[in-house]
Structure formats: C-alpha cells, structure tokens
Amino acid sequence: MMDGASGRRRRNKKGAPKKASPKAAAHKRRVEVAGTITVANLAHGMSVKASQVIKKLISMGQLATINDELDLEAAQLVAEEFDFEVIDAAFQEDEHLIDVEDNDEDLQPRPAVVTIMGHVDHGKTSLLDAIRSANVAAREAGGITQHISAYQIENKGELITFIDTPGHAAFTAMRARGAQVTDIVVLVVAADDGVMPQTIEVINHAKAADVAMIVALNKIDKPQADPNRVKQQLMEHGLVPEEYGGDTMFVETSATQGLGVDDLLDAILLVAEVEEYGANPERHGEGTVIEGRLERGKGPVATVLVQHGTLKRGDVVVAGTTWGRVRALTDHLGKAIKEAGPSTPVEIMGLDAVPNAGDNLVVVASDKDAKSLVENRAEMERQASLVGPRSVTLEDLLARTQEGERVTLNLIIKADVNGSLEAIRGALEQIKVEGADVRILHSGVGAVTESDVTLAHTNTGVIMGFNVRPDAKARRTADGYGVEVRTYSVIYEALEDVEKGLRGLLAPETKEVVHGSAELRQVFQVPKVGSIAGCMVIDGKIARSHEIRLLRDGKIIWTGRLGSLRRFKDDVREVSSGYECGMNLDGFNDIKTGDVIEAFNMVEVERS
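### Observations concerning the confidence of the model for the protein chain
Per-residue confidence for the protein chain gives a mean pLDDT of 80, with 82% of residues at or over 70. Within the protein chain, the element-level pLDDT minimum falls on helix α1 (residues 4–7), averaging 44, and the maximum on strand β15 (residues 311–312), averaging 94. Note on residues 134–148: pLDDT is under 50 here. Beyond four places in sequence and across chains, it has 23 contacts.

Put into structure tokens, the structure is as follows:
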C-alpha cells in the first residue's frame, strides 16, 4: 500500500505517472568554482547541455568551446542566466592564517636591522669583524663572504641587528621574493679607492628598496685616503653629506684600527631613533628566512629574522612550501632560547625541508593549517611552472597599472662607453609624457649582468643595452624571470621605444564629445511603443549611433540609447540643427515638455 501523499501521484491521460519538473532542487542550485572551470564542467554542475552554455556565452560576446576555461566572473554571469549561484571554492590562504590587527598602540620599539654592503675589498667583513669582535675574515676564502647570516650587538644599552650578505645581488634576490628585511644600509666605500661600479650598483639597489643609507668611508688610515674626493663622487649619485646640506650621514672609519666604529653605531642608533622602528611583540611570530641549509645530525636548519610578534619553541610554522614544529631555537651566539621577539635573528630546527632565502615564515594555529597551506602553495608553484615565467615587457606593463594611478617605467641602462651612457640618460630624462615617469633604477658600463636582471625583476623593470649584450648567466636568469632585455645600436630608436612604452603604459584618456542637443516640445503616447518625444534640434545634430541623456533643470535624469529616430513617418539616421523630429528613448517613458535631450560619445584620446 502507498501512503496518501505518494498514492496521489498525478497521472497523464494514459495513466502513467507524470514526470517531475526538471527544475533542480533548491539545495542543488549552486555551482562551486575553484578559480576557473571548464564549459563542460559548468554545464554538468548545472545539469544543462554544454551547447546551451556555449550559446549563452556567444550571446554575451564570448566565443568558447566545450573545453575552454572560464574565470569566476564569466562563470557567475553564465550561471545567473540559468538561475544558479556560483560559489567561490578557491583556496583562501587567510582562512588558514592567524587573523591579527596591529594597532599603533600595540607597537613597541624594536632594534634596527642593518645590512652592510659595498664594493669587493672595500672592507665590509672587516668592518663587521670590528663591530662584533669576531675574526670572521681570516676564515673566509679570498676575503669574500661565503655565507649569509645575522648577528646582534649591543651599543649604549640599545640592540642593533646586522645581516651579513654576500652583496647587493642577494639583497635584491630576497626582495624579489617579497622580503624587505633591512631598515638601514651601511654603504662601505674605501677612502683610498673611491666609487667603483659595484658601489654604484649598491646605491641603486638600496634606493630601489627605499631604505635609509649611511656611508662608511673606510680605510681612512691609508696614506692615499682622500675622503673629500669620495664625497664628491658620491654626490654625483645623489648621496649628499649633511655638511653640504644633504641628508646622508657620512662616517669615517678604519676597520683594521677600530677607528670610527663607535661613531658608526651612534649614527645607526640616531637613524633608528628618527625612524622609530616598531613592532607588536604580543602577536604570533612572523619573519623572513635569511638562510637555509641541511646539517648532519640536525636536519634542515633555517636562519630566521623575526619581524613581527614572538616566535616560540613548539610553534607550528610555515615557510614557503615547507612546514614543521619548532623543535629548537638558538640565538646568534649558538645559545638555546625559548622565544625570540621582533628584529631578533635565530636559528630554528624542525622544518620538514630546507626553505629558500627570502621565504616568509609565519606561525599557524595547527598542523592541519600548515599542511593545507604547503600543499596549496606547492600546487600553485607547479601550475606557475607549467605556464612559464611572467614576462616583464614594455607592452605588458599596462596590465600592471591601476586606474588613475601615476605610472612609472623602471629602466636599467647598460652601455659600452661612458659617453653613450651619459647621452642616453640625458635624453631619457627629457622625455615628458603627462601622467607617466621614467625612472632609471641603475645605469653602468659593461655587459648586462645577472644582478641587473634581478633588479629589473624585483622592480618590474626593463633592461636596455647599447652595443652590449647580456652574458650567458644573465640571459638564463632573464629567461627564467621573464625580464625583457632590449638591445640597441642607435639611441633614437631606444628613445622612440621608451616614448611608445610610456604612452602604452597610460590608459588612453577618455574625453566626452557632445554632438548636439534638442528641446522636447511635445509628448505623444503611441500604443505598444510608449512615449514619443516631439523635439526641435537646437544645436549640432543627433544620430541613432550617439549615446543620449535626458536633462531636466540641468540634472541628468536618464542616460541610454535611442529606440527610434523619425522625421515625419520615416526612420532616419540623424537629424541636424533647425529640424523637428520624433524620438523614442529606449526603455524610458518619463519624459516632459521642456526636457533637453543631449547626444554625446566618449572617445579615447592618446596622451601626448
């Protein structure tokens, strides 16, 4: 026996049970889309034929095949046509990270983070050696720093953190990964040698990073030392000493004799006091990996600079595509500690793999969150590797600018001789395009190097070479990063390219052109059509192709298109000044005698 509800099924004339409506149940009227979805899968999710979805896309002006990928927005538009809702099922990193807000009142002073950089053999490591009183230089091959590490020293009761890097290439490579770890750059210049090519590179890399700079004029004890000559050279590159009215602090030092070291530390503390570096130590720990390595008996070991909050032993952390629980924390002296606050360099053990320098390290709530983050990041990296590097080209830069924002074309210029370099720089600085700027990040004589490519990649720049080519390593790096390297032999060709690039960077200016206006003198009601405006064109002309707006007492009441335009009983394409006509405003009937109808168009005007 059937119960009452099921027994009372509707039957058709032949007595067979009538089929239920094909409309999907309420709980099924949703489609989950993780980033993108194929036409076939979207159709399947809505239980409709793929051909129906393709027809809808074509009616919306998008040609597609059954295997084409639709983004979230396109999928939403199509789904709405079938009365379905699209749910964004894409992985959300924020859901697996600890939510935190840093308020100004929560910030507490933290030590400044300092990086010492300069030309090879100008005494960077010797200066650090003098600062931390540890004989590092003697243990390193050829006097060149072979490792990246971090140290902390105390001066007059204040802590200063030093990051020891092999040079500006590592500094910029870390920035390329989104890591901005340095507050102050100490530029070491030998007083007996002066400004060298690498010195200029350091200046330009530091300026691009927008960090404070202090100049240490080292080897001041040498007989050939000439500080004034070096100051003049540095002024040519925008570093003007305070004594000459500039804002760059210059300190004379001798690392071997320990001269000026205290003055340098005082200068660092003074900059730190002015800048008021702060962080909230009460929140969860977050920092940047300075160095990662594999040690026998310890496993993966990472040197981390804590930047926000406090990192504690036992915390679950994620760094790039690695994760783990912090088994041990040791400070820069190798002493085991339980926790580390902002600006503290520490070594951590417990990660499942060696992280990359520049990876962001963050504490998460659980192992489950850590695994989800790592799995998703690994998949994103895999997808990115399939797509290939994202190019940085003059043409590509337009897509990276936001509406209304002043745009900047970042350039790295290399030439075969100084004369060409100066001529090119001078000519580029003369190019004026409204709303856009040319910014020369770095210029120098010689081949395009890997360092140039890294700088261009980090700052979304383009490299221009004159009678020079990238070396093999630079070419490989440029291909890997997708950085555009343009080479020229004629200056005006380069200038023409830059000018075109700037105009391409700028979204074309849109300008309104008013074609004509008409006065509404009579309103006619026509069945099945609606209100017809009997008008006299009083200025210019009004055409079917124009956009139309209705003005009442100077206020815009409606904007749209004409449904029809007639002279007597004939449809016409346009009506000129001094003639009467009848107009129907497409989909709008609230018109009154005395209204003004204006015809206009928005046209794109190339910037000049």
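### Examining the sheet that holds strand β8 (residues 158–164)
A sheet is described by the order of its strands in space; here six strands give the open sequence β7-β8-β6-β9-β10-β11, paired in mixed fashion. Edge positions in the sheet fall to β7 (149–155) and β11 (249–252), since each of these pairs with one other strand and no more. Taking the axes of each pair of neighbouring strands and ignoring which way they run, one obtains an average angle of 30 degrees across the sheet. With seven bridges connecting them, strand β9 (residues 184–190) and strand β10 (residues 212–218) associate as parallel partners. Within β10, the position partnered with Val-186 by the bridge is Ile-214. The strands touched by helix α7 (residues 197–209) within the sheet are β6 (112–118), β9 and β10, with β9 carrying the most contacts at an inclination of about 165 degrees.

### Some thoughts on the packing of aromatic side chains
If you walk through the whole model with that rule in mind, you get two aromatic pairs. Taking the centre distance of 5.5 Å and the plane angle of 20 degrees together, the rings of Trp-558 and Phe-588 count as stacked. With Trp-558 in strand β29 (residues 555–560) and Phe-588 in the loop between β33 (580–585) and β34 (596–605), this residue pair connects regions lying 30 residues apart in the sequence. Judged by its relative accessible area of 15%, Phe-588 falls in the buried class. Over the ring of Phe-84 we find Arg-29, and its NZ or CZ is 4.5 Å from the ring centre.

### Some thoughts on the packing of helix α2 (residues 39–46) against helix α3 (residues 50–59)
In the contact formed by α2 and α3, the axes pass within 8 Å of each other and the chain directions differ by 115 degrees. Of the possible angle classes, the one that applies to α2 and α3 is roughly perpendicular. In this structure, α2 meets α3 at a crossing whose hand is right-handed. Contacts from Val-39, Leu-42, Ala-43 and Met-46 in α2 reach Ala-50, Val-53, Ile-54 and Leu-57 in α3. Split by residue class, the contact of α2 with α3 holds eight nonpolar, no polar and no charged.

### What to know about the pairing of strand β16 (residues 316–319)
Both faces of β16 are covered, namely the face carrying Val-316 and Val-318 and the face carrying Val-317 and Ala-319. Bridge count for β16 against strand β17 (residues 322–330) is four bridges, and the pairing is antiparallel. Across the sheet, residue Val-318 finds its bridge partner in β17, namely Trp-323. Bridge analysis of β16 against strand β21 (residues 360–364) gives four bridges, and the strand direction is antiparallel. Within the sheet, the bridge partner assigned to Ala-319 lies in β21 and is Leu-361.

### Digging into the environment of Gly-465
For Gly-465, the location among the structural elements is in strand β24 (residues 461–466). Given a relative accessible area of 0%, Gly-465 falls into the buried group. Distance from Gly-465 to Ala-494, taken between C-alpha atoms, is 9.3 Å for residues 29 residues apart in sequence. Those residues in contact with Gly-465 that lie beyond four places of it in its chain are Lys-414, Arg-486, Thr-487 and Tyr-488.

### Notes on the pattern of salt bridges
Close approach of charged atoms allows side chains with opposite charge to pair. In the structure shown here, the tally under the stated rule is 22 salt bridges. In this structure, the salt-bridge partner of Glu-347 is Arg-293, at a minimum N-O distance of 2.6 Å. Here Glu-347, found in strand β20 (residues 344–351), pairs with Arg-293, found in strand β13 (residues 286–295); they are 54 residues apart in sequence, far enough to count as distant. On the basis of relative accessible area, Glu-347 is assigned to the partly exposed category, the value being 22%. On the basis of relative accessibility, which here comes to 22%, the residue Arg-293 falls in the partly exposed class. Among the salt bridges present, the one from Arg-325 reaches Asp-367, with a minimum N-O distance of 3.0 Å. Of this pair, Arg-325 sits in strand β17 while Asp-367 sits in helix α10 (residues 367–387), placing them 42 residues apart in sequence.

What counts as what
Residues numbered from 1 in each chain as written. Predicted model: local features only at pLDDT ≥ 70, side-chain atom pairs only at ≥ 80, totals over all residues. Heavy atoms only, no water. pLDDT = per-residue confidence, 0-100. Helix = DSSP H or I, 4+ residues; strand = E, 2+ residues; numbered from the N terminus. Contact = heavy atoms within 4.5 Å. Pairing = 2+ DSSP bridges. Axes fitted to C-alpha atoms, helices over the stretch in contact; angles between N-to-C directions. Phe/Tyr/Trp six-rings, centres within 6.5 Å; stacked < 30°, edge-to-face > 60°. Buried < 20%, exposed > 50% of the residue type's maximum accessible area, 1.4 Å probe, protein only. Lys NZ or Arg CZ within 6 Å of the ring centre and 35° of its normal. Parallel < 35°, antiparallel > 145°, perpendicular 65-115°, else oblique. Left-handed = near helix turned anticlockwise from the far one by under 90°. Nonpolar A, V, L, I, M, F, W, Y, C, P; charged D, E, K, R; others polar. Salt bridge = Lys/Arg side-chain N within 4 Å of Asp/Glu carboxyl O.

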